[in-house]
Amino acid sequence: MSNHSINVARLLGRLSELGAIGRDADGRLVRLAASDADREGRDRFVSWIEAAGLEVAVDRIGNIFGIWAPADVTDVQPLMLGSHIDTVIDAGIYDGCYGVLSGLEVIETLKESGFVPTRPIVVAAFTNEEGVRYAPDMMGSLVYAGGLDADAALATIGTDGSKLGDELRRIGYAGDREPGFLKPHAYIELHIEQGPVLEREGVPLGAVGNLQGISWQRVTIEGDANHAGTTPISMRRDAGHAAARVVIFLRERAKAANTPTVATVGCMEFEPNAINVIPSRATFTVDLRDPDEERLNQEEAALARFLETLSDEEDVTITVERLARFQPVKFDERIVAAIEAAAEARTLPCRRVTSGAGHDAQMIARIAPTAMIFVPSMGGISHNPKESTADDDLIAGANVLLDVVRKMTEEE
């Protein structure tokens, strides 16, 4: 059992304080990337970094870093911790924020204990992880890892017509550092599970071994608008009905498969969107996920074949736009094993898990050994104000992160 522990009141207090920033008139938490609410959350985070005596750095895509670099280890690659503080619409208070604030808390606890690390330790808050206002999601970490050009990302137009680069300048977070200016020795992200497995099994910690691949597509089906009462079913080119067939196809295929494949149609719009008019156009998104790259390829191919057949059968025109495609990620075995060892040392049950959600960790894994720690989500709920994790689990996760960081940065 470790003799050290994070400052519980400080961590839980900051989670609550950050969770109060960005409430709209209805009390919903809405802290979208590069918004006024995001600026307020960023300002609060930076104030805590400065109060901890850390160097603050901001890169061109708006990623924020709190850097603890003892004088004699400045030329050594840092151990990086972190996540994000932007939210979805009507969010809970833990997604992303828990990882960022726990990373800061670990650094502060180590500093206050007199510990001197063998390499710098950095806490990062990456820009636009959620991808609600600007696409793609996990943008800040993707740019940081070299997977997306910074200028292209800054030129992204948001759902409200704004340009990301302009908004970062407006809120004061268009930094001068080049993304990737610190190449991590390793990266660890602590996060709520956002799923039901840990709670269902009564296990307080998950050592995340891998992360699902993600395929996002936008499908547009073109038919003909016509009168809902006078047009015989046999003569319709009904884009709405064709879209419904795609939804059913995806659901039935996933249910019938003996695999962890999941498929979701999350957005759908009809035109002209009138009760008495056959839809002339249906536009919808398809989210496919699987931890195995070959299976994910197979699901994409099966959807493409179905759309081709559907086009002929329904006499409609179908076009597909790829929005995002990320391969499955296998996390670093040594760090995953270190997480398990730290949990065992604190007599905390721990199991290997797969992440069903995307995280900044999957981007940073492109440039450094990476792993994640999960704590349970009550009811498996996330992206929802009902998102909740027991205080004991939040504390346990932060203490295991503390132990792993100490182990990875102490003298041999």
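The preceding data block contains the structure.
Let me sum up the structure you'll find in this document. (Residues numbered from 1 in each chain as written. Predicted model: local features only at pLDDT ≥ 70, side-chain atom pairs only at ≥ 80, totals over all residues. Heavy atoms only, no water.)

**Side note on the overall build of the chain**
(1) Moving on: Across its full length, the chain carries twelve helices and 14 strands.
(2) Moving on: Relative to its length of 412 residues, the chain is compact, with a C-alpha radius of gyration of 23 Å against a globular reference of 22 Å.
(3) Moving on: Considered along the principal axes of its C-alpha atoms, the chain spans approximately 80 × 45 × 40 Å.
(4) Moving on: Burial analysis of the chain (412 residues in total) assigns 54% to the buried set.
(5) Moving on: Considering only intrachain contacts with a sequence separation of at least 6, the fraction spanning at least 24 residues in the chain is 80%.
(6) Moving on: Counting every atom, the chain has about 17,400 Å² of accessible surface; 49% of that belongs to carbon and sulfur.
(7) Moving on: Side chains of the chain carry 40 positive and 64 negative charges; the gap between the two charge centres is 1 Å. (Helix = DSSP H or I, 4+ residues; strand = E, 2+ residues; numbered from the N terminus. Rg over C-alpha atoms; globule rule 2.2 N^0.38 Å. Buried < 20%, exposed > 50% of the residue type's maximum accessible area, 1.4 Å probe, protein only. Contact = heavy atoms within 4.5 Å. Areas by Shrake-Rupley, 256 points an atom, 1.4 Å probe, with all protein chains shown as cover. Lys, Arg positive; Asp, Glu negative; His and termini not counted. Charge placed at Lys NZ, Arg CZ, Asp CG, Glu CD.)

**With respect to the nonpolar core**
(1) Moving on: Among the nonpolar cores identified, the biggest contains 85 residues, and F45, F65 and F331 are the most heavily contacted of them.
(2) Moving on: Sorting elements by how many residues they give to this core places helix α3 (residues 97-112) first, with eight residues.
(3) Moving on: The residues touching F65, leaving out its near neighbours within four places in the chain, are I49, E55, V56, A57, D59, M80, V122, V123, A124, F126, Y144 and F181.
(4) Moving on: Counting residues in each nonpolar core, the second largest holds 20 residues, with I221, F284, L288 and L307 among its members. (Core = buried A, V, L, I, M, F, W, Y, C linked by side-chain atoms within 4.5 Å.)

**Quick word on the packing of aromatic side chains**
Working definition: an aromatic ring pair is given by the centre-to-centre distance plus the angle between the planes.
(1) Moving on: One pass over the full model with this rule turns up seven aromatic pairs.
(2) Moving on: Taking 6.4 Å as the distance between ring centres and 80 degrees as the angle between the ring planes, the aromatic pair formed by Y144 and F181 counts as edge-to-face. With Y144 in helix α4 (residues 139-144) and F181 in the loop between α6 (164-171) and β5 (186-192), this pair connects stretches of sequence that are 37 residues apart.
(3) Moving on: A relative accessible area of 3% places Y144 in the buried class.
(4) Moving on: A residue is classified by how much of its surface remains accessible, and F181, at 26% relative accessible area, is partly exposed. (Phe/Tyr/Trp six-rings, centres within 6.5 Å; stacked < 30°, edge-to-face > 60°.)

**Let's talk about the packing of helix α1 (residues 8-19) against helix α12 (residues 391-409)**
Helix packing for two helices is described by the angle between their axes and how far apart those axes are.
(1) Moving on: For the pair α1 and α12, the least separation of the axes is 11 Å and the interaxial angle reads 115 degrees. Taken together, the axis directions place α1 and α12 in an arrangement best described as roughly perpendicular. As α1 runs across α12, the sense of the crossing is right-handed. Of α12, the residues touching α1 (which contributes V8, L11, L12 and L15) are D391, L394, I395 and A398.
(2) Moving on: Taken together, the residues of the contact of α1 with α12 sort by class into seven nonpolar, no polar and one charged. (Axes fitted to C-alpha atoms, helices over the stretch in contact; angles between N-to-C directions. Parallel < 35°, antiparallel > 145°, perpendicular 65-115°, else oblique. Left-handed = near helix turned anticlockwise from the far one by under 90°. Nonpolar A, V, L, I, M, F, W, Y, C, P; charged D, E, K, R; others polar.)

**Describing unusual backbone geometry**
(1) Moving on: Of note, the amide linkage connecting A135 to P136 takes the cis form, showing an omega dihedral of 5 degrees.
(2) Moving on: On the secondary structure map, P136 appears in the loop between β4 (121-125) and α4.
(3) Moving on: That bond from E271 to P272 is cis: its omega, 5 degrees, falls within 30 degrees of zero.
(4) Moving on: Its place among the elements puts P272 in the loop between β9 (268-271) and β10 (281-290).
(5) Moving on: For A34, which is not glycine, the phi dihedral falls at a positive 65 degrees.
(6) Moving on: Along the polypeptide, A34 turns up in the loop between α1 and α2 (36-51).
(7) Moving on: Even without being glycine, H383 reaches a positive phi, approximately 55 degrees.

**What about the pattern of salt bridges?**
(1) Moving on: For the structure shown, the criterion picks out 33 salt bridges.
(2) Moving on: With a closest N to O distance of 2.9 Å, E300 and R325 form a salt bridge. Linking E300 in helix α9 (residues 293-314) with R325 in strand β11 (residues 317-326), this pair joins segments that are 25 residues apart in sequence.
(3) Moving on: Overall, E300 belongs to the buried group, its relative accessible area being 12%. (Salt bridge = Lys/Arg side-chain N within 4 Å of Asp/Glu carboxyl O.)

**With respect to the environment of H84**
(1) Moving on: Along the chain, the position of H84 falls in the loop between β3 (79-83) and α3.
(2) Moving on: Expressed as a C-alpha distance, the spacing of H84 and A371, which sit 287 residues apart in the sequence, is 16 Å.
(3) Moving on: Not counting residues up to four positions away in its chain, the partners in contact with H84 are D95, G96, C97, V100, F126, E129, E130, H191 and D360.
(4) Moving on: Among the polar contacts made by the side chain of H84, one reaches the main-chain carbonyl oxygen of D86 at a distance of 3.0 Å.
(5) Moving on: Polar side-chain contacts of H84 include one of 3.1 Å to the side chain of E129. (Polar contact = N/O pair within 3.5 Å; in protein donor to acceptor, adjacent residues only side chain to side chain.)

**Topic: α3**
Note: α-helices contain 3.6 residues per turn, so residues at a spacing of three or four share the same orientation.
(1) Moving on: Between its first and last C-alpha, α3 extends 22 Å over 16 residues, near the 22 Å set by a 1.5 Å rise per residue.
(2) Moving on: Just past α3, the residue G114 takes up positive phi, approximately 90 degrees. (Expected span 1.5 Å × (residues − 1).)

These figures capture arrangement, not role.
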